[in-house]
Amino acid sequence: MDHLQVTELSFFASKVRLGRVGVEEVFQLGPLNEYERVGFEKAKKDLEASKHSKGSFFHQKLKSLV
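Residues numbered from 1 in each chain as written. Predicted model: local features only at pLDDT ≥ 70, side-chain atom pairs only at ≥ 80, totals over all residues. Heavy atoms only, no water.

S.K.: Residue-level account of the pattern of salt bridges, with values.
M.R.: Per the counting criterion, the structure on display carries four salt bridges. A salt bridge links E34 to R37; the nearest nitrogen and oxygen atoms lie 2.7 Å apart. Here R37 and E34 lie together in helix 1 (residues 34-52), a separation of three residues that amounts to about one turn. Take R37: its relative accessible area is 37%, and that puts it in the partly exposed class. Where E41 meets K44, a salt bridge forms, and the shortest distance between an N and an O atom there is 3.3 Å. (Salt bridge = Lys/Arg side-chain N within 4 Å of Asp/Glu carboxyl O. Helix = DSSP H or I, 4+ residues; strand = E, 2+ residues; numbered from the N terminus. Buried < 20%, exposed > 50% of the residue type's maximum accessible area, 1.4 Å probe, protein only.)

S.K.: How would you sum up a nonpolar patch on the surface? Please name residues and give values.
M.R.: Among the surface-exposed residues, F12, L29 and L32 lie close enough to one another that they form a single nonpolar patch of about 230 Å² accessible area. Under the relative-accessibility criterion, L32 is labelled partly exposed at 38%. (Patch = residues over 30% accessible without salt bridge, like charges linked within 9 Å, V, L, I, M, F, W, Y side chains within 5 Å. Areas by Shrake-Rupley, 256 points an atom, 1.4 Å probe, with all protein chains shown as cover.)

Any functional reading would require information that these geometric values do not contain.
The structure is reproduced here in structure tokens:
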């Protein structure tokens, strides 16, 4: 596979093609219009911020399990 990451984020849901041994291809984003590009940039900032937030849902859930 040439390129595994669609964005610079460490986590991001992406469309993939699966084969007999796992992921064969990670599909990149297609062309975005200006409205989509602005929304995508905002979403990436929100995802990155939520990843580092100490009050995030997952952080709280993990703490409650330990």
